[in-house]
Amino acid sequence: MVRATYTPLLARLGTGGTIFLAVLIAAAIAVPILNQAVPVTSAFHVPTYLVSLFGKYLCFALLALSVDLIWGYCGILSLGHGAFFALGGYAMGMHLMREIGDRGVYGNPVLPDFMVFLDWAELPWYWYGFDNFAFAILMVALVPGTLAFVFGWLAFRSRVTGVYFSIMTQAMTFALLLAFFRNDMGFGGNNGLTDFKDVLGFDLQASGTRVGLYVASAIALGFGFLLSRYLVTSRLGRVLVAVRDAESRTRFLGYRVEYYKLFVFVLSAVLAGIAGALYVPQVGIINPGEFSPANSIEIVIWVAVGGRGTLYGAVLGAILVNYAKSYFTGALPDLWLFVLGGLFIFVTIFMPKGVVGAVTALKDKVKPVAPRPATQGASSG
Amino acid sequence: MHLFARVALVAVALWLATAANAEAIEDMVQALGAKESAEKIAAIDALASSGDERALGILQAMLDRRLFRVKADDRVVFADKSDGGYQLTDPLTGEALGEVGRRDVKKVSVNNKLRGKLRGTIGGMTLLSPEAEARAAAADAVFKTPNAAILPILDQAIEAETDASVRDRLERARAAVQIETSKESAVRQAAVETLAQFTDPDVRTLVASLLVASDDGFVEADDAVRAAATETLATIDAGIARWTLIGNLFQGLSLGSVLLLAAIGLAITFGVMGVINMAHGEMVMLGAYTTFVVQEIFRNHFPGGFDYSLAVAIPAAFVIVGAIGIAIERGIIRFLYGRPLETLLATWGLSLILQQAVRTIFGPTNREVGNPEWMTGAIELAGGVALTYNRIWIIVFALVVFAGLMILLARTPLGLQMRAVTQNRAMASAMGIRTGTIDALTFGLGCGIAGMAGVALSQIDNVGPNLGQGYIVDSFMVVVFGGVGNLWGTLLGATTLGVVNKFLEPYAGAVLGKILVLVAIILFIQKRPRGLFALKGRAVEN
C-alpha cells in the first residue's frame, strides 16, 4: 500500500465540499447582516424567528453529518443516534437550568423548579458542576462519547453487526426514553428542561443572542464537516470504507476492525452531542421525546434523501426534509406523514444514492466524460 | 300552616292507636332522627334486633338518605322529592302523609361512621336471604363492618347454611365480629385461629391491626391472642406469597403470550426471510381495526350474534392483513432483497403511511372494541389473585397459532417450499419452485399472523393508530433474544421476557423493570450475538 502523502486540505474537499463550505460561510455571514443591519421594513430583512429556524436546521445538519460518517463510510446504521443528540442537549439544558438561578417560579437559588415541585431537598450529585459553562461543554462531548464507547465496545467486540446492531441501538434509545420519562431520574420527567433565561449572561430571547447561536451552529457544522472530510480522505477513512464494503476481508488483512468502528462511532456520537447542545438553547426546551426511536429513524432518512457517503449530501438532506416538514406541518398537517412515509419508500427504491447521487447521474448522462475518479458513495449497506 | 296541624293530628292519632310493642318500634324509628350519633347507633342496633320485618326497609331508607325529620314536630318520616318539595310517607304504616315544602323537613344526617354501621347491620339482616349470592354479599358486608348485634343472626345463618363457599364467608365474618367485639380473650383467640385458613388481603389487614402498638400496650391486650395473631399472620402471609407467585406467573405468561403473538409473525418475516419489517406493528394494528369493523357490522346487522364476532374477525384479519402483506412484498420489498437496511427504512416509511391512513379513515382517537360474553369475568383465586378470562383465552390462542404455524412449516408442501427457498434460493429455483411466489406467500403469512395477533390484542389494549408502535421494539427484542430463524426460540424468548418483566415489576416498578429488561437483552446480545438458539453454519454469515 502506498504511504499516504500530504494533501492540502482544499484539495481534499473536492468540488462538492468546496461549494458546500462556500455556501455555508456565505449563509453564516449573510443571515446575521440581513437580520441585524437591514431595517425591519425592508423586504430583505430576515426576522429573528427565521434565524432560529435556520439555526435549528444547521443543528440537524450536523446531526445528519454524524450519522453519514458512520453509515455512509463505515456501514454502521445507528437507529439510536437521537439518543446522543438528546444527551448532549440535556447536558446543555442542565447548564441553562442552573443559569436560571433564583429567577425560577419558586425562586430557589440552587434547585431547578421541577425539583422544588417534587419536594427534593438538595441537588442530586450528577447535577454538580453544571453551573460551570466549561464543565457543561465538556459533558456535552463526554456523556454521549462515553455511552457510545461503552455500547460500541461491547457491540463491536462481540461482532454484533448489521441489522442486529441497528435493533440494539434502537433498544438503547428506547430504554433511555423510558428512563428519562421517570420523574425520579432527576431530569424533569415528562416535561424535560425548559424556561431557560440566558446563556453566558446573554438573554436567550434577544435577537443578538439568537444570531450568535446561529453563527455558532454554522461554525460547528463547518468544523464538523472539515473534520469528517479530513477523516474520510485519510488512510483511516479508506479502512472505514473497506470495513463497510467487506468487513471480514478487512479483518483478514490484519486490521482491527472493531477499533476503527469504535473510533468513528464515538466521534460521531460526540458530533451528535454537540449538535444537541446547540439545538437546545435555540428551541428553548429539551424533553424525553427526543429519545423516541422514531426521531432517530428520521435522522437516517435525512441522510438517505441527501445521499449517503458524501457528507454534504447528508447536510442537504437534513435541510431539505426539515424545510419540507416545516412547510407541511404548517400548511397541510394531515399530509405530512404521508409525504415523509412516501419519501422513505421512494428514496430507498428509486434513489438509493439520494439527491446528490441523482444529480451526479444526471450530469454524467448529459455530458459523458472519461470515467470519473472513484466516487465516494457506494450503494451497498 | 294547617298542613302541619293535620300532620301533627295524624301523628297523635297514630300514637294513641298503637300497642305497647308497636310503641317501642315507633320510639326506635324516632330515635333514628336523634342529634347524637351514639343515639342513632343505639336505635339502629335496637331496630336490627327487634325482629320486625319493616326494620330492614327503614334502615335501607336511612342509608339511601330518604329518612327526614319534620321540623314542626320532629317526627321521623320517609320523604321523596316531588315537584314543589317532598312527598312524605309514614315509615311504619306506609301511609301517605301529604306534601310539604323543601324547607319544612330536614334530612337525617348520616356520616361515614353511621353509613358503615348501616351497611354492616343491613348485611346482617340479609344473612338469611334465600339467595346464596345475597347471603355471600351480606357476609362480606358484615366482615367489613363488624357489629356485635349481628352475632346471633350470624350463628343462625351458619347453622342453616348449605353452600360451602358461603359458609366459609359467614365463618370469616363471624370471626371478624368476635375479634372486634368479644370481651373474652378465649373467643377472640379461637376466632384469630379460625382466620388462618383464609388467604385474603382483607383478613390479613384485620389480623395485622391487632398487633399494632397503641398508647397503652397493643390494640389487642391479651398476650395469647396476640401470639395466635402472629402465627395466623405468618400462615396468611405464606399463603398470599404463594398465590401472588401464581398470580405473577400468570401475568408473566399472559404478557409472554401477547409478546409471542406480536413477535411470531416477525419471526417469519425477519427470522425466516431476513426481511426487517418495521411496519409489522401496523399489521397488528390493522388486525385490531379489522376486529373493530367486523364488530361494527355485527352490531348493526346481527346484534344477537355479537358473541361470535371474534370467530369471524380472526379469519377476516388473517385474510385481509395477509393480502396487504402480499401487496407490500410485491410492491416494495422484492426490490430490496439483499439490502436489509434499506428494507428497514422503506417499511418504516410504510408504517408512517399506514398509521396516518388509519388516522384519516377512523379518526385519531381510540375505537371501542367489545369483549364477547365468554371473555369477560375472571376466575377468582385466593389471596386476591384473579385470572381474567380474556387473558386465559389469549394464552390459549397464542399457543394454538404457534402450533398451527409449526405444523404448517414442518408438514405441508408450502412449508417445505418456504424452508427450501430460505435455505438455498438458487437450488430451490432450480428444482422448479417459484421463489417469487413463495416469497410473497411467506411474507403474507407473517403479516396475516400479525393480523390475528391484532384481533387478540384488541381485547386487552386500546385500539388506536399507535397500537402497533407499542409492540415493535418488544417484538424485535423477542426475536433477536430467542434467535433469528428459530420459532422455538421465539416461544421461549417471549415467555422468558414476559415472566421476567412481571417478576421485576413489584420490585422495580413497571417502567424501571422494562428498562432493566432492555438493558439485560442488550448485554445478552453481546454474549450471544445470534440469540438463544443460533442457526449454525454458513447461512448465518449473510
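Each chain carries its own residue numbering, running from 1 in the written order of its sequence. To label them, take the chains in the order written and letter them from A, then take the ligands in the order written and number them from 1. Local features are withheld for residues below a pLDDT of 70 in this predicted model, meaning they are given only at 70 or higher, and side-chain atom pairs are given and counted only at 80 or more; totals for whole chains, interfaces and linings count all residues. Just so you know, side-chain values use all the structure's heavy atoms and leave hydrogens and water out.

Chemist: Report on the overall build of chain A, specifying residues and quantitative values.
Modeler: Per the convention used, a helix needs a DSSP run of H or I reaching at least four residues, while a strand needs a run of E reaching at least two, with both numbered from the N terminus. Assigned secondary structure in chain A consists of 14 helices and four strands. The size measure is the radius of gyration over C-alpha atoms, and the globule rule it meets is 2.2 Å times the number of residues to the 0.38 power. A compact globule built from 381 residues should have a C-alpha radius of gyration of about 21 Å, and chain A, at 21 Å, falls within 12% of that. Considered along the principal axes of its C-alpha atoms, chain A spans approximately 70 × 55 × 45 Å. For chain A, contacts bridging at least 24 residues in sequence account for 78% of all contacts bridging at least 6. Here chain A has roughly 16,800 Å² of accessible surface; of this, 67% comes from carbon and sulfur atoms. Throughout, a residue-residue contact means that at least one pair of heavy atoms, one from each residue, lies within 4.5 Å. Reported accessibility uses the Shrake-Rupley method at a 1.4 Å probe radius. Residues are deemed covered only where the shown protein chains occlude them.

Chemist: Pulling in residues and values, what's your account of the interface of chain A and chain B?
Modeler: Contact with chain A, which involves 39 residues of that partner, is made by 40 residues of chain B. Of the roughly 3,700 Å² buried between chain A and chain B, counting both surfaces, carbon and sulfur atoms make up 79%. Here, a salt bridge means any side-chain nitrogen of Lys or Arg that lies within 4 Å of a carboxyl oxygen of Asp or Glu. Our count for the contact surface shared by chain A and chain B stands at one salt bridge. Put simply, A:R308 and B:E342 hold a salt bridge, and the shortest N to O gap is 3.1 Å. Pairs of N or O atoms within 3.5 Å make up the polar contacts considered here, provided that, within protein, one atom can donate a hydrogen while the other can accept it, and that residues adjacent in sequence are counted only when both atoms are side-chain atoms. Linking chain A with chain B are three residue pairs in polar contact (both at pLDDT 80 or more). Within the residue set of the side of chain A that touches chain B, elements represented by two or more residues are α5 (133-157), α6 (162-181), α11 (293-306) and α13 (336-350) of chain A. No other element matches the 12 residues that α6(A) contributes to the side of chain A that touches chain B. By convention, the term buried area covers the 1.4 Å-probe accessible surface removed from two parts as they join, with the contributions of both added.

Chemist: I'd like a description of the packing of helix α2 (residues 48-74) of chain A against helix α10 (residues 257-283) of chain A, backed by residues and values.
Modeler: All names here are of chain A. Simply put, an axis is a line fit to the C-alpha atoms, just over the touching stretch for a helix, and the angle between two N-to-C directions goes from 0 to 180 degrees. At a closest axis distance of 9 Å, the pairing of α2 and α10 adopts a crossing angle of 170°. In terms of their interaxial angle, α2 and α10 are classed as roughly antiparallel. Put simply, Ala, Val, Leu, Ile, Met, Phe, Trp, Tyr, Cys and Pro go in the nonpolar bin, Asp, Glu, Lys and Arg in the charged bin, and everything else, Gly too, in the polar bin. Its residues assigned to classes, the contact of α2 with α10 shows 18 nonpolar, five polar and two charged. Every angle not falling under 35 degrees, over 145, or within 65 to 115 is termed oblique; those three ranges are roughly parallel, roughly antiparallel and roughly perpendicular.

Chemist: Could you give an account of unusual backbone geometry, naming the residues involved and the relevant values?
Modeler: In this structure, A:D195 is a non-glycine residue whose phi angle is positive, near 65°. Within the secondary structure layout, A:D195 lies in the loop between β1 (193-194) and β2 (198-199). Here B:D74, not a glycine, exhibits a phi torsion of approximately 65°, which is positive. If you trace the backbone, B:D74 turns up in the loop between β1 (67-70) and β2 (76-81).

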